[in-house]
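Okay, here's what each chain looks like letter by letter:
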Amino acid sequence: MKKVLALILAVMMVFSVCAFASAEETYEFDITVWVAEEIKDLTMKQIEDFNANNEFGIKFNATVEPVSESEAATNMIVDVEAGGDIFCFAQDQFARLVQAGALAKLSPEAAEAAGAANTAGVVAAATSGDAMYAFPLTADNGYFMYYDKTVVPEEHIDSMEDIIADCEAAGKFFSFEMESSAWYLASFFFATGCESEWTTDEDGEFISVNDTFNSPNGLIAVKGMKKLVDSVSHNSSSAGSAFASGSAVVVTGTWDYNTVLDILGDNMGVADLPCFTVDGVQYHLGSYNGCKLMGIKPQVDEDKAAALELLGEYLTGEQCQLERFEERSWGPANLAAQGSEAVQANPGLVALNAQAPYSIPQGQIHGSWWDIAKVIGDDVKAAEDEAGLQTALDNYTAKIAALFTMTSDEKNAWTVIGTCNLTDGFFYTDYNNETRSNWTDDIPMVEEDGIWKTTQAYEMEIGVEFKVRQGRSWDNAFPADNFKVEEAGTYFITLDPATGAVELVAE
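Just so we're clear, the structure is a prediction, and the values are computed from it rather than from any experiment.

Before going further, it helps to spend a moment on the packing of helix H2 (residues 40–53) against helix H11 (residues 302–315). The contact between H2 and H11 brings their axes to 10 Å, and the two run at 120°. With respect to their mutual orientation, H2 and H11 come out oblique. By crossing handedness, the relation of H2 to H11 is classed as right-handed. Counting all contacts with H2, which are made through Gln 46, Ile 47, Asp 49 and Phe 50, the residues of H11 involved are Leu 310, Leu 311, Tyr 314 and Leu 315.

Bringing the sheet that holds strand E13 (residues 268–271) into the picture now. Strand order in the open sheet formed by 5 strands is E11-E8-E12-E7-E13, with mixed pairing between adjacent strands. Across the chains shown, the open sheet's two edge strands, defined by having one partner strand only, are strand E11 (234–235) and E13. Where strand E8 (residues 173–175) meets strand E12 (residues 247–252), 3 bridges bridge the pair, whose relative direction is parallel. Looking at the pairing, Phe 174 lines up with Val 249 of E12. Packed on one face of the sheet, helix H7 (residues 160–170) meets strand E7 (144–148), E8 and E12 and runs near 135° to E8.

The omega torsion across Phe 478 and Pro 479 is -10°, close enough to zero to call that bond cis. In this model, Ser 329 sits at a positive phi of 65°, which is unusual for a non-glycine residue. Overall, Ser 329 belongs to the buried group, its relative accessible area being 10%. In the Ramachandran plot, Asp 449 falls in the positive-phi region, its phi being about 55° despite a non-glycine side chain. Of the residues examined, Asp 449 reaches a relative accessible area of 73% and is grouped as exposed.

On to the domain arrangement of the protein chain. Each assigned domain of the protein chain is listed with its residue range as follows: domain 1 (25–139 + 290–333), domain 2 (142–287 + 362–402) and domain 3 (408–506). Between domain 1 and domain 2, a total of about 640 Å² is buried, with carbon and sulfur atoms accounting for 32% of that surface. On the domain 1 side of the contact with domain 2, Gln 91, Asp 92 and Ser 329 bury the most area, a combined 52% of that side's loss. Inspection of the domain 1/domain 2 interface yields 0 salt bridges. Counting across the domain 1 and domain 2 interface gives 1 residue pair in polar contact (both at pLDDT 80 or more).

Definitions and cut-offs
Residues numbered from 1 in each chain as written. Predicted model: local features only at pLDDT ≥ 70, side-chain atom pairs only at ≥ 80, totals over all residues. Heavy atoms only, no water. Axes fitted to C-alpha atoms, helices over the stretch in contact; angles between N-to-C directions. Helix = DSSP H or I, 4+ residues; strand = E, 2+ residues; numbered from the N terminus. Parallel < 35°, antiparallel > 145°, perpendicular 65-115°, else oblique. Left-handed = near helix turned anticlockwise from the far one by under 90°. Contact = heavy atoms within 4.5 Å. Pairing = 2+ DSSP bridges. Buried < 20%, exposed > 50% of the residue type's maximum accessible area, 1.4 Å probe, protein only. Domains from an automatic or database assignment. Buried area = accessible area lost by both parts, 1.4 Å probe. Salt bridge = Lys/Arg side-chain N within 4 Å of Asp/Glu carboxyl O. Polar contact = N/O pair within 3.5 Å; in protein donor to acceptor, adjacent residues only side chain to side chain.

This is how it looks when you write it as structure tokens:
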């Protein structure tokens, strides 16, 4: 095949020339596409539609594989060459994918078209410097409130205190993930105007942070949080399925819309988050907002690269975004799709848009922050007075500061985190003989001949879960989904960083 397709396609994208549609030659490519399992079949159908209708003589022989957004990013970083030609990922994976050379830069024409067609925040999330490296896929990665209208009347949905009282009176739960997720508990801090903004150097290393969680406004935030976590109605969960087990309120996102609707039916209420009150002042709960992106792996074949860009543009265009909305309720990033009557009438997306003025774009965040911040919920619940709440914030600040004093060896070392040395259902004893809660502290490993191994063996039951991560951060962690023990025993844990392979070695 002559190397003319890339040039022809570039000309066609700029000038919208249609003469190539009559070309007799078919340009055929074998590709692998990674998407979430729930859109696997739809994506295959969309690629077949592109094959049937594109005017460029392009045909893709596509293998569509179900790979989660987090798993796709991790796999691409481990081995770009073996990765999917097209893959989807969450925006918080963007920086490390660019650094790993796993994303092809969009052509100026494709970037201009995608920039004009999609919401500005998602376009910014796909941009590094002056270049765009991915196509916007969704604009719905945020959270809001679902509620049972038989328990919480509409006139109470703006007040957290009223909702708590309704749940307590009915013997129901208020599910809001406060004791295991920094992503959700940050809601209280954003409500009072706190921020946590991280700065990286040109190599992607985190060099500073502007964090005001430990401040007078932060103290107001944890006072409001304590009202919730101290309530007998509180359930630290973000699962829409919690409505089937006694919850009357669940804070979650659009991905749980169908689950909640199936459980509550006509009794499903959807709204932005409520306000909480401290010292007579109301504060509207904030949230993170984010998106999903579709990237293209760098290609050696220029023709294939140009064709893949056209396919990526098609798969993230108005029609395909609407199809994903109609089938899976994914919120479009495409402006025209957002304006459709069906999208405008979707209660989940209406609530997400209502929450938008109180939300914070999720930028690049140090991978260790998620573990540091999620402990705040536990510390707030344990606090007995205002001094205890201040101590929780002081502890948080000290851990943030420690991130910038880590030695090179500590940054490069691999450790294990999870439930791999449980002594009961809730706590484990760490290597210093201190009792810690699950997923809060790291177990050390040592390196020998390129393989990392725990310093001792641990007794593990079936179902125990863990990950191996570098620098006590989630930026580099294996496997993509938690490692789950399938046979009880006493094991060392090993990691080969070159391949990402995690294994158990019997004592």
